[in-house]
Amino acid sequence: MPIEQLIERYEAGGGHLAKANAEGLAVPPALHTVVLTCMDSRIDVFALFGLQLGEVHVLRNAGGVVTDDVIRSLAISQRKLQTRDILLMQHAGCGLSTFTDEEFSEEIANEVGMRPSWRTHAFRNPVQSVRRDMAQLRHDPFLLPGTRVRGFVVDIETFDLEEVFVDAGAPSVVRTAAAGE
Ligand SMILES: [Zn+2]
């Protein structure tokens, strides 16, 4: 069973390692930054941005989209743990681009007899989704004035990183993962 497997790994040294890795770290993230991204199991956020433990808050959900609960976490992160910047990253080939909100809602309703009260935030185009979520973050009344938000789309095959700008007319900037080779 998968959960038991994880408990075994904890007992085999995971707990010890985690304790050692967290030793001496302050609670507020050292880079005062929050990374919001998709829960996709292939995205190694720490490797991608050369992160160390203790440097950022990482918020992950299906799609890496802005939801009420993301705003809740961001507000706490900013007001209680001194973060300021937000790096938003969604990705091409996301599970959220394989269905529409209406389809998902209908599928669930057919199965359980009622529609969910929440939306899936499904999107077809990750660039457009990032742009909309950035706009939402910039105008959210619960985030601190002056919050810096930058948005990106990562290609899950090449790991090229495309920066997205709120102004739809602005060309996006693509950085390639192979640039350092
Ligand atoms: Zn995804």
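Structural data are supplied above this passage.
None of these values were measured; they are calculated from a predicted model.

### What about the overall build of the protein?
Thinking step 1. Check the secondary structure of the protein and you find five helices and six strands.
Thinking step 2. Across its three principal axes, the protein shows a C-alpha extent of roughly 45 × 45 × 40 Å.
Thinking step 3. Considering the protein as a whole, with its 181 residues, one finds that 35% of them fall into the buried category.
Thinking step 4. For the protein, long-range pairs separated by at least 24 residues make up 62% of all intrachain contacts whose partners lie at least 6 apart in sequence.
Thinking step 5. As displayed, the protein has an accessible area near 11,300 Å², and 56% of this comes from carbon and sulfur atoms.
Thinking step 6. For the protein, the distance from the average position of its 17 positive side-chain charges to the average position of its 25 negative side-chain charges is 8 Å.

### Looking at the coordination of the zinc ion
Thinking step 1. Within the first shell, the zinc ion binds the protein through Cys38 (SG), His91 (NE2) and Cys94 (SG), at distances of 2.0 to 2.3 Å.
Thinking step 2. Read in sequence order, the donor residues for the zinc ion give the motif C-x52-H-x2-C. Taken together, the residues span a long stretch of sequence, with Cys38 in strand 1 (residues 33-38) and Cys94 in the loop between strand 3 (85-92) and helix 4 (101-112) at a distance of 56 residues.
Thinking step 3. Given the relative accessible area of 3%, Cys94 is considered buried.

### A few points about the packing of aromatic side chains
Thinking step 1. The full count for this structure, using the stated rule, is two aromatic pairs.
Thinking step 2. Ring geometry for Phe104 and Trp118: centres 6.3 Å apart, planes at 50 degrees, overall tilted. On the criterion of sequence distance, the pair formed by Phe104 in helix 4 and Trp118 in the loop between helix 4 and helix 5 (126-139) is long-range, its members being 14 residues apart.

### Considering unusual backbone geometry
A negative phi holds for most residues other than glycine; trans holds for most peptide bonds.
Thinking step 1. A positive phi angle, near 65 degrees, is found at His121, a position not held by glycine.
Thinking step 2. Note that His121 resides in the loop between helix 4 and helix 5.
Thinking step 3. Backbone geometry at Phe159 places phi at a positive 60 degrees, although glycine is not the residue there.
Thinking step 4. On the basis of relative accessible area, Phe159 is assigned to the partly exposed category, the value being 24%.

### Regarding the side chain of Thr147
Thinking step 1. Structurally, Thr147 is set in the loop between helix 5 and strand 4 (149-155).
Thinking step 2. Residues contacting Thr147, with those up to four places away along its chain left out, are Gln78, Arg84 and Ile86.

### Describing the environment of Ala62
Thinking step 1. With respect to the helices and strands, the residue Ala62 is situated in the loop between strand 2 (56-61) and helix 3 (68-81).
Thinking step 2. Along the backbone, Ala62 and Cys94 are 32 residues apart, and their C-alpha atoms lie at a distance of 8.7 Å.
Thinking step 3. Ignoring any residue separated from it by four or fewer positions in sequence, one finds Ala62 in contact with Cys38, Met39 and Leu96.

### Notes on helix 3
Thinking step 1. Here helix 3 is 14 residues long and its end C-alpha atoms lie 19 Å apart, about the 20 Å a rise of 1.5 Å per residue gives.
Thinking step 2. Among all positions of helix 3, only Val70, Ile71, Ser73, Leu74, Ala75, Ser77, Gln78 and Leu81 are buried.
Thinking step 3. Contacts from the buried residues of helix 3 go to strand 1, strand 2, strand 3 and helix 5.
Thinking step 4. Two residues or fewer past helix 3, Gln82 is found with a positive phi of approximately 60 degrees.

### What about the pattern of salt bridges?
Thinking step 1. If you walk through the whole model with that rule in mind, you get seven salt bridges.
Thinking step 2. Arg115 serves as the salt-bridge partner of Glu102, at 3.0 Å between the closest nitrogen and oxygen. Pair noted here: Glu102 is in helix 4 and Arg115 is in the loop between helix 4 and helix 5, with a separation of 13 residues, a long-range link.
Thinking step 3. A salt bridge links Arg115 to Glu106; the shortest N-O distance between them is 2.7 Å.
Thinking step 4. On the basis of relative accessibility, which here comes to 42%, the residue Arg115 falls in the partly exposed class.
Thinking step 5. Several salt bridges share partner residues, and in doing so they unite Glu102, Glu106 and Arg115 into one network.

Conventions and cut-offs
- Residues numbered from 1 in each chain as written.
- Predicted model: local features only at pLDDT ≥ 70, side-chain atom pairs only at ≥ 80, totals over all residues.
- Heavy atoms only, no water.
- Helix = DSSP H or I, 4+ residues; strand = E, 2+ residues; numbered from the N terminus.
- Buried < 20%, exposed > 50% of the residue type's maximum accessible area, 1.4 Å probe, protein only.
- Contact = heavy atoms within 4.5 Å.
- Areas by Shrake-Rupley, 256 points an atom, 1.4 Å probe, with all protein chains shown as cover.
- Lys, Arg positive; Asp, Glu negative; His and termini not counted.
- Charge placed at Lys NZ, Arg CZ, Asp CG, Glu CD.
- Donors = N, O, S within 2.8 Å, 3.2 Å for Na, K, Ca; no water.
- Phe/Tyr/Trp six-rings, centres within 6.5 Å; stacked < 30°, edge-to-face > 60°.
- Expected span 1.5 Å × (residues − 1).
- Salt bridge = Lys/Arg side-chain N within 4 Å of Asp/Glu carboxyl O.

Purely spatial values, then, with no claim about function.
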